[in-house]
Amino acid sequence: MEISNIAIIGGGNLGKSIANGLLNSEFLSAENLYVTRRKLEKLNDLKERGVNTTNDNVFAAQQANLIILAIKPFQIKDVLTELNTVLDPKKHVLVSVVTGASLEDMQSVVGKEIGLFRAMPNTAIAISESMTCISTNNTSPEEQATVVDLFSQLGKAVIIDDSLMAAATVLGACGIAYAMRFIRAASQGGIEIGFGAEISQLIASQTVKGAASLLLESGLHPEQEIDKVTTPQGCTIAGLNEMEHQGFSSSLIKGVKTSFNKISDIEEDV
Ligand SMILES: NC(=O)C1=CN([C@@H]2O[C@H](COP(=O)(O)OP(=O)(O)OC[C@H]3O[C@@H](n4cnc5c(N)ncnc54)[C@H](OP(=O)(O)O)[C@@H]3O)[C@@H](O)[C@H]2O)C=CC1
Ligand SMILES: O=C(O)[C@@H]1CCC=N1
């Protein structure tokens, strides 16, 4: 399957991040991209880049052969019902990034053999550094290759079982926010020990990038890399142990589980 035009239905925070990622990576040119939302003026930045912006979802869907749904969970039924008037199984593939809406939920609304995917990217998709988990159950190997290729050009992409999408949402999508909080807290600590805010944030951000790259490149467990940093009787182990006494890992794990439990409430809104 070859992607001709893409329509992003719901140009909010994630929808725009995807649009910017597609443009920045030169995956497709602006004239092949359609982005919708009701408050059209909030898409002016994309319009200035040459993207087709509209508040007409049906029109956008008609122009595209790949449709990305990026509205809020409680809106998915209405928007899918609206799009269903023009969805064509021979033409369209539908990718939902909506939290809490399963493939079965979507299938029950569209009721026909449209190729359906869920994708869970994060906002780093804007700079082609997303982690995107993808699920599907009725698509051809060709369609799967196309969708995986799309998200692989915008970061890393893996296919997972749909039952794991809530967990993927928390670890990958919410995870960006957790990591930002770590960086903010580390920067604030840096200011206490002498740095100005700007350089403190630079040091904290680049250090987190380096830590992530070490793990991605080596495949080692974090503790193996930590062992290389913790000089016996040194300052790293002293600080790390104090963080653990204060509940660092425990608070992170509890936060992850709280986000995960919240998805059950969101699923009820779908
Ligand atoms: N933000 C993130 O990092 C991630 C979000 N998600 C999921 O992506 C989805 C979007 O989240 P997020 O971008 O944060 O939310 P936003 O509220 O920022 O974006 C939703 C957008 O949908 C638009 N919208 C609402 N109704 C319609 C409609 N009928 N037709 C077209 N557009 C419409 C809204 O604009 P307007 O009011 O102008 O119409 C709004 O811009 C959610 O389901 C979320 O769970 C998943 C992973 C990560
Ligand atoms: O906070 C949310 O509900 C959405 C899903 C993951 C990131 N943002």
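Residues numbered from 1 in each chain as written. Chains lettered and ligands numbered in written order. Predicted model: local features only at pLDDT ≥ 70, side-chain atom pairs only at ≥ 80, totals over all residues.

1. Concerning the overall build of the protein
Basically, it comes down to this: Counting from the N terminus, the helices are DSSP H or I runs at least four residues long and the strands are E runs at least two residues long. Counting other C-beta atoms within 10 Å of each residue's C-beta, where C-beta atoms are placed from the backbone, gives the exposure class: buried for 20 or more, exposed for 12 or fewer, partly exposed between. Each residue is represented by a C-beta atom placed from its backbone, and any two residues with such atoms within 7 Å are regarded as in contact.
Scanning the protein from N- to C-terminus turns up 11 helices and eight strands. For the protein, the spread of C-alpha atoms along the principal axes amounts to about 70 × 40 × 30 Å. A burial count over the protein gives 31% of its 270 residues as buried. Long-range pairs, those at least 24 residues apart, make up 65% of the contacts in the protein with a sequence separation of at least 6.

2. Section: the packing of helix α4 (residues 76–83) against helix α5 (residues 103–110)
Going by this rule: Here, axes are lines fitted to C-alpha atoms. For helices the fit covers the stretch in contact, and angles between N-to-C directions go from 0 to 180 degrees. The labels follow the angle: roughly parallel below 35 degrees, roughly antiparallel above 145, roughly perpendicular from 65 to 115, and oblique for the rest. By definition, turning the near helix anticlockwise from the far helix through less than a right angle yields a left-handed crossing, and turning it clockwise yields a right-handed one. Put simply, Ala, Val, Leu, Ile, Met, Phe, Trp, Tyr, Cys and Pro go in the nonpolar bin, Asp, Glu, Lys and Arg in the charged bin, and everything else, Gly too, in the polar bin.
Interhelical geometry of α4 versus α5 gives an angle of 40° and a closest axis separation of 9 Å. With respect to their mutual orientation, α4 and α5 come out oblique. The chirality of how α4 crosses α5 is right-handed. Here Lys77, Leu80 and Thr81 of α4 lie close against α5, whose contacting residues are Met106, Val109 and Val110. Of the residues assigned to the contact of α4 with α5, the class counts are four nonpolar, one polar and one charged.

3. Observations concerning the site of ligand 1
For the record, the criterion: Placing the C-beta atom from the backbone, one calls a residue near a molecule or strand if that atom lies within 6 Å of it.
Near ligand 1 there are 26 residues, and of these Gly10, Gly12, Arg38, Lys39 and Thr99 occur at the shortest range. Here the shell around ligand 1 takes three residues from helix α1 (residues 13–24), the largest share from any one element. In the shell around ligand 1, the residues fall into 10 nonpolar, 11 polar and five charged.

4. Side note on the pairing of strand β7 (residues 130–136)
The condition is simple: Paired strands, as defined in this entry, are two strands with at least two bridges between them according to DSSP. Note on handedness: a crossover is taken as right-handed if, strands pointing away from the viewer, the path from the first strand over the helix to the second is clockwise.
Along β7, seven of the seven residues are buried, which leaves the element largely enclosed by surrounding structure. Pairing of strand β6 (residues 115–120) with β7, which is carried by four bridges, proceeds in the antiparallel orientation. For Arg118, the partnering residue across the bridge sits in β7 and is Ser135. With five bridges joining them, β7 and strand β8 (residues 155–159) adopt parallel strand pairing. Within β8, the position partnered with Cys133 by the bridge is Val158. Between β7 and its parallel partner β8, the chain crosses via helix α6 (residues 141–152), and the hand of that crossover is right-handed.

5. Side note on the site of ligand 2
In the region of ligand 2, the neighbouring residues are Thr99, Thr169, Ala173 and Cys174. Looking at the shell around ligand 2 residue by residue, the class counts come to two nonpolar, two polar and no charged.

6. Some points on the UniProt feature "domain: Pyrroline-5-carboxylate reductase dimerisation" (unreviewed entry) in the protein
Worth spelling out the cut-off: UniProt positions are given in the numbering used here, feature names are shortened, and annotations may be inferred rather than shown by experiment.
Here the UniProt-annotated "domain: Pyrroline-5-carboxylate reductase dimerisation" (unreviewed entry) positions come out as residues 163–263. The annotated region residues 163–263 carries 84% helix and 0% strand content, and the separation between its end C-alpha atoms amounts to 12 Å.

7. Points about helix α8 (residues 197–218)
Note the following rule: The span you would expect from a helix comes to 1.5 Å times its residue count less one.
Here α8 spans 32 Å end to end across 22 residues, near enough to the 32 Å set by a 1.5 Å rise per residue. Immediately beyond the C-terminal end of α8, within one or two residues, lies Gly219, with a positive phi of roughly 70°.

8. Focus on unusual backbone geometry
Even without being a glycine, Ser128 presents a positive backbone phi close to 60°. Tracing the chain through its elements places Ser128 in the loop between β6 and β7. Judged by the 16 C-beta atoms lying within 10 Å of it, Ser128 falls in the partly exposed class. Non-glycine residue Gln233 carries a positive phi angle of around 60°. Relative to the helices and strands, Gln233 resides in the loop between α9 (222–229) and α10 (235–245). Under the C-beta neighbour-count criterion, Gln233 is labelled exposed, with 7 such atoms within 10 Å.

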